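# Fold and geometry: a report
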Amino acid sequence: MSDHHLAELSGVSKRFGKTLALDGLDLHVRCGELLALLGPNGAGKSTAISLLLGLLEPDAGSARLFGQSPRQVAARRQVGVMMQEATLASELRVREQIELVASYYPDPLAIDEVMQVTQTTPLADRPYGKLSGGQKRQAQFAIAICGRPRLLFLDEPTAGLDLPAREMMWTLLCRLVKQGSSIVLTTHYLEEAEALADRVVVLAKGRTIASGTVNDMRALVVCRRIECHTSLTTKEVAGWPEVKSVRSEEQRMSITASDAETVVRRLLAADAHLAQLEVRRAGLAEAFTQLTQEKES
Amino acid sequence: MIATSQNAQSPPSDGTGMPPGRLWRAYLAEARCECFRALRAPAFAIPFLALPIALYLFIGIYLVGSMSHGDPKTAITMFVNFGVFGVMGPGMFGFGIFVATEREQGLLRLKRALPMPAGSYLLAKMMMAVVFAGIIMVMLIAAAVALGGLRLSVAQFVTIFVIDILGALPFCAVGLFIGTRTSAKAAPAFVNLAYLPMMYLGGLFFPLPRSIQFIERASPAFHLDQLGLLASGTPSLDQLALGVAGASSQGTPFTHVAVLAGVTLVFTLLAIRRLSRVG
């Protein structure tokens, strides 16, 4: 394992019955980076993280966490975890939950500090079962960071959060990375990966299909997006050779095109009343859709 | 893991040593949280704390007391039997239902991903069952002394107390085994499927016909009951029904302890194997 890799999967395969969840996957997490792990449902994201946390054993290849087997509790003492599907004990109060998890670590943060930074102080004495969905996420986040981990695994951390809470978490994640922590983030919110990630790995069918910075991902996709108000129908435009996809909502047409200039010329020629024209580079969402579709086709 | 003094003095930036003091506190924190949880869950705490004492007062002291015309031996036998009944529930249901629920809700998975100390999960639940068993036994002893007029020495009470709270452990193991194999919804049914026959066919509440008394030996409740009866020097319900007046002689203490230890070990190992493979 390389010195600067905190966690690493090398040539890992994992099969569940007839389904090959991971197919020779290589994945590493570098020191001080926020890595976003993206992919459609069933791509193998959860399996990859389960292997890095020692919850599963690979059928082939190896999983290392801080140079050790992830099954070693010593390796996991440097890790914080937030799992979307985990329900904490409903009878325990938020402070008790944080105290309990903090007790697993050699040098945890002070409980009051954890609650202050995660804005869970007002929830301290409330039983977990009585919290709202968003408050539960905040409590789970507090649990993930309380052990002063060098590496954080966050599974959909902002799902169900309102805007202020989401922004609070984004700010905190940026601060943690600045302080030297590494973060592995799985998310369905592509704007979240776009805003936060130093590096993106896109999985499909158990393999890495693309990896690099958000800009690298965008560059992989030559397409650009054109939006305009037009009386043309999607059927007409969809037939043009440079057009990859087109959809329309209330007169506003959104076109993904490989050669934006040609399409814009044709649009202007075909519709003299075309208005509110915008052309922009594909975002991560378009890149992601195109990459995963290419893989599937 | 074993921590070094260096780790204790300078918290690790790359090391992962856990000072022994902190490790010990992690086990204690887990056990404390488990007890709080069980005590705060009314659906768990009320039946398992209140039911044994209520049934003992009504059946053990009042009904059987009047039926046996206040026979002191029968009174002691009923006390020992209700002690076994009392300590069975928290272990079997506490493990069975909580483990099944925690597996289903992903809490166990999260705990396995977190650096929870080895064995802490099971030890905490065992501690909870033992604490519940202790509370139940204190209530039963208080009722037995105050209302049942039991003629047992302090040493005998203490012995029965210790036997019964440790005797909760085989039932924890059976509950754990069930909890690792069923869904949260099915767990109460499966636990009852084991709990009720163990209790009724263990000879705790009524003597079994002589021809089928061998069935009793399959129940851990029977063996725990025998240990309590040996400590109190009273016969079992079966023997009382046959008019035996002396102490129990249905097996040696060694046999009973071996059976209880065996049940604990086998079911715990099967459950741990399942947990480490499937979660």
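To keep things clear, this report deals only with the structure shown in the data block. (Residues numbered from 1 in each chain as written. Chains lettered and ligands numbered in written order. Predicted model: local features only at pLDDT ≥ 70, side-chain atom pairs only at ≥ 80, totals over all residues.)

## Brief notes about the overall build of chain B
The number of helices and strands found in chain B is 12 helices and 0 strands. When the helices and strands of chain B are placed in sequence order, the string is α-α-α-α-α-α-α-α-α-α-α-α. In summary, chain B has a C-alpha radius of gyration of 21 Å against a globular reference of 19 Å for 279 residues, a match within 12%. Taking the principal axes of the C-alpha coordinates as reference, chain B spans close to 70 × 35 × 35 Å. Residues counted as buried form 47% of the 279 residues belonging to chain B. Counted over contacts in chain B with a minimum sequence separation of 6, partners at least 24 positions apart contribute 76%. (Helix = DSSP H or I, 4+ residues; strand = E, 2+ residues; numbered from the N terminus. Rg over C-alpha atoms; globule rule 2.2 N^0.38 Å. Buried ≥ 20, exposed ≤ 12 C-beta atoms within 10 Å, placed from the backbone. Contact = placed C-beta atoms within 7 Å.)

## Notes on the overall build of chain A
Secondary structure assignment for chain A yields 11 helices and 13 strands. Principal-axis analysis of the C-alpha atoms places the extent of chain A at approximately 70 × 45 × 35 Å. For chain A, buried positions account for 46% of its 297 residues. Restricting to contacts in chain A with at least 6 residues of sequence separation, those with at least 24 account for 66%.

## What to know about the nonpolar core
Counting 84 residues, the largest nonpolar core has V81 and L185 of chain A as the members making the most contacts within it. For this core, the element with the most residues is helix α5 (residues 133-145) of chain A, which contributes 6 residues. In this structure, L185 of chain A is in contact with L34, L35, A36, L37, L154, P157, A193, L196 and A197 of chain A, ignoring residues within four places of it in sequence. Counting 68 residues, the second-largest nonpolar core is a separate cluster that includes F44, I76, I136 and L169 of chain B. (Core = buried A, V, L, I, M, F, W, Y, C linked by C-beta atoms within 7 Å.)

## Quick look at the packing of helix α4 (residues 72-104) of chain B against helix α6 (residues 120-146) of chain B
Residue and element names in this part refer to chain B. Direction vectors running N to C along α4 and α6 enclose 155 degrees, while the axes themselves pass 9 Å from each other. Taken as axis vectors, α4 and α6 run roughly antiparallel relative to one another. For the pair α4 and α6, the crossing hand works out as right-handed. Here F79, F82, G83, G86, V87, P90, G91, G94, F95 and F98 of α4 come into contact with α6, specifically with K125, M128, A129, F132, A133, I136, M137, L140 and A144. For the contact of α4 with α6, the per-class residue count stands at 14 nonpolar, 4 polar and 1 charged. (Axes fitted to C-alpha atoms, helices over the stretch in contact; angles between N-to-C directions. Parallel < 35°, antiparallel > 145°, perpendicular 65-115°, else oblique. Left-handed = near helix turned anticlockwise from the far one by under 90°. Nonpolar A, V, L, I, M, F, W, Y, C, P; charged D, E, K, R; others polar.)

## Some words on the pairing of strand β3 (residues 34-38) of chain A
Residue and element names in this part refer to chain A. Counted residue by residue, β3 has 5 buried out of 5 residues, so it is predominantly covered. Of the two faces of β3, both are covered, the one formed by L34, A36 and L38 as well as the one formed by L35 and L37. Here β3 runs beside strand β7 (residues 182-186); their pairing, made up of 4 bridges, is parallel. Across the sheet, residue L37 finds its bridge partner in β7, namely T186. Bridge count for β3 against strand β8 (residues 199-204) is 4 bridges, and the pairing is parallel. Its bridge partner being in β8, L37 is matched across the sheet by V201. (Pairing = 2+ DSSP bridges.)

## Regarding the sheet that holds strand β13 (residues 275-281) of chain A
Residue and element names in this part refer to chain A. Pairing is antiparallel across the open sheet formed by 4 strands, whose spatial order is β11-β12-β10-β13. The open sheet terminates on both sides in strands that have one partner only, identified here as β11 (243-249) and β13. Averaged over all neighbouring strand pairs, the angle between strand axes comes to 15 degrees, with direction disregarded. On the sheet, helix α10 (residues 260-270) packs against β10 (224-229), β11, β12 (252-257) and β13 and is oriented at approximately 15 degrees with respect to β10.

## Here's the deal with the sheet that holds strand β9 (residues 207-212) of chain A
Residues and elements named next belong to chain A. Strands sit in the order β5-β6-β7-β3-β8-β9 across an open sheet of 6 strands; the sheet is mixed. The open sheet terminates on both sides in strands that have one partner only, identified here as β5 (79-82) and β9. Taking the axes of each pair of neighbouring strands and ignoring which way they run, one obtains an average angle of 15 degrees across the sheet. Pairing of strand β6 (residues 151-155) with β7 involves 5 bridges; the strand directions are parallel. What sits directly across from L151, in β7, is S182. Each of β3, β6, β7 and β8 touches helix α1 (residues 45-52); the most contacted strand, β7, lies at about 145 degrees to it.

## Remarks on the pairing of β8 of chain A
Walk down a regular strand and you will see the side chains alternate between the two sheet faces. All names here are of chain A. Burial runs high along β8: 5 of the 6 residues are buried. Pairing geometry for β8 and β9, over 5 bridges, is antiparallel. For L203, the partnering residue across the bridge sits in β9 and is T208. The turn joining β8 and β9, which pair antiparallel and follow one another in sequence, is formed by 2 residues; a positive phi near 50 degrees is taken by K205.

## Things to note about the interface of chain B and chain A
Counting from both sides, the interface comprises 31 residues of chain B and, opposite them, 26 residues of chain A. Elements with a minimum of two residues in the side of chain B that touches chain A: α2 (20-40) and α5 (107-113) of chain B. If you tally residues by element for the side of chain B that touches chain A, the top one is α2 of chain B, at 9 residues. Among the residues forming the side of chain B that touches chain A, the class breakdown is 18 nonpolar, 6 polar and 7 charged.

Function cannot be inferred from these measures alone, as they are strictly geometric.
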